[in-house]
Amino acid sequence: MEAVLQTRGLLSLPPHPTRVRSLLNPSQGLKHRLFASKPLGLNGLSLSYKRVPSVVAKPNGLSPKEKSFICKAEAAAAADGQPLFGETPTPKFLGIELVTLKKIIPLGLMFFCILFNYTILRDTKDVLVVTAKGSSAEIIPFLKTWVNLPMAVGFMLLYTKLANVLSKKALFYTVILPFIAFFGAFGFLLYPLSNHIHPEALADKLLAVLGPRFLGPLAIMRIWSFCLFYVMAELWGSVVISVLFWGFANQITTVEEAKRFYPLFGLGANIALIFSGRTVKYFSNLRQNLGPGVDGWAISLKGMMSIVVLMGLAICFLYWWVNKFVPLPTRSKKKKEKPKMGTRESLKFLVSSKYIRDLATLVVAYGISINLVEVTWKSKLKAQFPSPNEYSSFMGDFSTATGIATFTMMLLSQFIFDKYGWGVAAGITPTVLLLSGVGFFSLILFGGPLGPTLAKFGMTPLLAAVYVGALQNIFSKSAKYSLFDPCKEMAYIPLDEDTKVKGKAAIDVVCNPLGKSGGALIQQFMILTFGSLANSTPYLGGILLVIVLAWLSAAKSLDLQFTELRREEELEKEMERAAVKIPVMSESGNGSLASGSAETSETSTPSNI
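Note that the structure is a prediction, hence the values are computed from the model and not measured.

(A) Structural view of the nonpolar core. Grouped together as the largest cluster of nonpolar side chains are 140 residues, with contacts concentrated most on Met110, Ile176, Phe179, Phe183, Trp236 and Trp377. When residues in this core are grouped by element, the largest group, 19 residues, is from helix H10 (residues 224–252). Shared between two domains, this core takes at least three residues from each, and those domains are domain 1 (95–328) and domain 2 (341–561). Once residues within four sequence positions are removed from consideration, Trp236 is found in contact with Ile114, Asn117, Tyr118, Leu121, Ile176, Phe179, Phe183, Ile241 and Ile315.

In structure tokens:
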């Protein structure tokens, strides 16, 4: 707002340029008193001005004969983001403040690298444990229940302890560097030595004694290094993505920035899905150009793990750069520090919070729902593509398709958030997963009668089940990445720092594998009760319906609480704005400045703005 604050009844200055310049000099404190704080949120103040003879002080001086328009204070200009008189405008690029861009661009690159690695690790872990000799897709429910969940709980306990003694920077490096080192060591050491370190002879003897029902548990011992890779890849998704990245993003962004940019993070991240899918397919097809007797899968692993290590180092560099060159929001500095709590106290604190319980319900429900469909689909996938390279090549195409679908959903997500709000956005993922899951189970149940019809399209019922299951996973994951994850992470922002750090550790590290393990336990029970997953398909569909309804209920409850927290936050900001006071100056009889009440002949001016 370009205006000269000189009007009868608000501010009058003596008609001598030298005296005016002296009075308006910053050393006199008047400019500081008038413009030290930016008056925000003062709606309803009208703008009125008159043309009166005056002398305006400028750096080069003005003639006493000059006249100018004199304006009263216009608070609406500040609310519109326009700089006040004497205030330096914030530098912008493409309408976005440079300070915001310094946060958003590195965060987007970090998310790109993390998800690029996760896609490679996710596809590789399935190939390793499903196609290994003496194993099958039936190993996954046992692996998630008896190995992945205990390790996730152990990590959460360790992370909680480390969070109490380490700084946030040291905690980030302490967690991510062991992941990078392990994946590099697996590709170049553990896998080449797998034939020597796996107790296959012992596993064969035990299998002969215990029977084929124990194929899954014994396979965990038989291919223990592959199972360790599987668990570390799962933890990369829950720890590095959910705890480290989103925790860091929530720390340095505001709610307004999150609403605008969190959905856009996924655009770059799902470009990563497309490129990483092509990368997996490229390395999986290397076997075709190798001579006989060469382990093509070992060569593929070395190439993919090298890329994982390089991307991991890039993540560390970006984290270092943001911490060095980007200031934290003032809200982070205003948070009241809570006393450090032990593990038991932390868990009690989190369980006592309805807000955290609803968040946990969302994560657990997603894990159970996706696992009920995914394991059955992977068993069909192995039957169709038994070779590790063929399996991995299909997964590369699957990841690319997921990236394209998610990219499209990301373009729509900001419109959904703006038009329909947080609650509707949070309810789309469970709805998509329910509808697509019902279609997949229906095809398995009625695949036999549909055989002649499918043959006309050149497909067997098995291949059709593989494709429909792939579509189900693509739609579910694209909805998760574009809507579910941004919704979940936005819900953390209004919380205090202590709840945010420990709540994310408990929810993302424990509840995520707990949901998957819950689905695995359900499948194990169904297998033992009905003999196979195929026989239990109708019951799995019913369980899926119940889980999704509970998911939708928790999302509705969380929407109400989140809206209330945001309303309280906005109220606090309005109270802070109302506390800003600007003294109103009136004209005394001798022409000097003095405090007084404003003239109300035209427009009344409040004494406290």
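Back to the write-up after that little detour.
(B) Expanded view of the side chain of Thr429. Note that Thr429 resides in helix H16 (residues 388–445). Look at Thr429 and you get buried, because its relative accessible area is 0%. Leaving out residues up to four positions away in the same chain, Thr429 has contacts with Ser476, Ala479, Lys480, Leu483, Phe484 and Trp551.

(C) Region of interest: the pattern of salt bridges. Using the criterion set out here, one finds 13 salt bridges in the structure. With a closest N to O distance of 3.9 Å, Lys378 and Glu374 form a salt bridge. Of the two residues, Lys378 and Glu374 are both situated in helix H15 (residues 354–384); the distance of four residues between them amounts to about one turn of the helix. By the burial criterion, Lys378 is buried, and Glu374 matches it. A salt bridge links Arg567 to Glu564; the shortest N-O distance between them is 2.7 Å.

(D) Region of the structure containing the confidence of the model for the chain. Confidence along the chain averages 73 in pLDDT terms, with 71% of residues attaining 70 or more. Scored below 50 in pLDDT, residues 584–609 makes 49 contacts in the model with residues more than four places away or belonging to other chains.

(E) Structural view of the packing of helix H6 (residues 168–190) against H10. Closest axis-to-axis distance for the H6/H10 pair is 10 Å, and the angle between their directions is 150°. As the angle between them shows, H6 and H10 are arranged roughly antiparallel. Along this stretch, H6 crosses H10, giving a crossing that reads as left-handed. Each of Lys168, Phe172, Val175, Ile176, Phe179, Phe182, Phe183 and Phe186 in H6 lies in contact with H10, whose residues at this interface are Ser225, Phe226, Leu228, Phe229, Met232, Ala233, Leu235, Trp236, Val239, Val240, Leu244 and Gln251.

(F) Up close: the packing of aromatic side chains. Enumeration according to the criterion identifies 31 aromatic pairs in this entry. Plain terms: the ring middles of Tyr282 and Phe283 are 5.2 Å apart, the flat faces sit at 75° to each other, and that makes the pair edge-to-face. Using a relative accessible area of 14% as the deciding quantity, one classes Phe283 as buried. Ring geometry for Trp320 versus Phe325: centroids 6.3 Å apart, planes at 90°, classification edge-to-face. With a relative accessible area of 37%, Phe325 lands in the partly exposed category. An aromatic cluster of three or more residues is present, and its members are Phe179, Phe182, Phe183, Phe186, Tyr191, Phe226, Phe229 and Trp236. One Lys or Arg, Lys324, reaches over the ring of Phe325 and ends 5.8 Å from the middle of that ring.

Calculation rules
Residues numbered from 1 in each chain as written. Predicted model: local features only at pLDDT ≥ 70, side-chain atom pairs only at ≥ 80, totals over all residues. Heavy atoms only, no water. Core = buried A, V, L, I, M, F, W, Y, C linked by side-chain atoms within 4.5 Å. Buried < 20%, exposed > 50% of the residue type's maximum accessible area, 1.4 Å probe, protein only. Helix = DSSP H or I, 4+ residues; strand = E, 2+ residues; numbered from the N terminus. Domains from an automatic or database assignment. Contact = heavy atoms within 4.5 Å. Salt bridge = Lys/Arg side-chain N within 4 Å of Asp/Glu carboxyl O. pLDDT = per-residue confidence, 0-100. Axes fitted to C-alpha atoms, helices over the stretch in contact; angles between N-to-C directions. Parallel < 35°, antiparallel > 145°, perpendicular 65-115°, else oblique. Left-handed = near helix turned anticlockwise from the far one by under 90°. Phe/Tyr/Trp six-rings, centres within 6.5 Å; stacked < 30°, edge-to-face > 60°. Lys NZ or Arg CZ within 6 Å of the ring centre and 35° of its normal.

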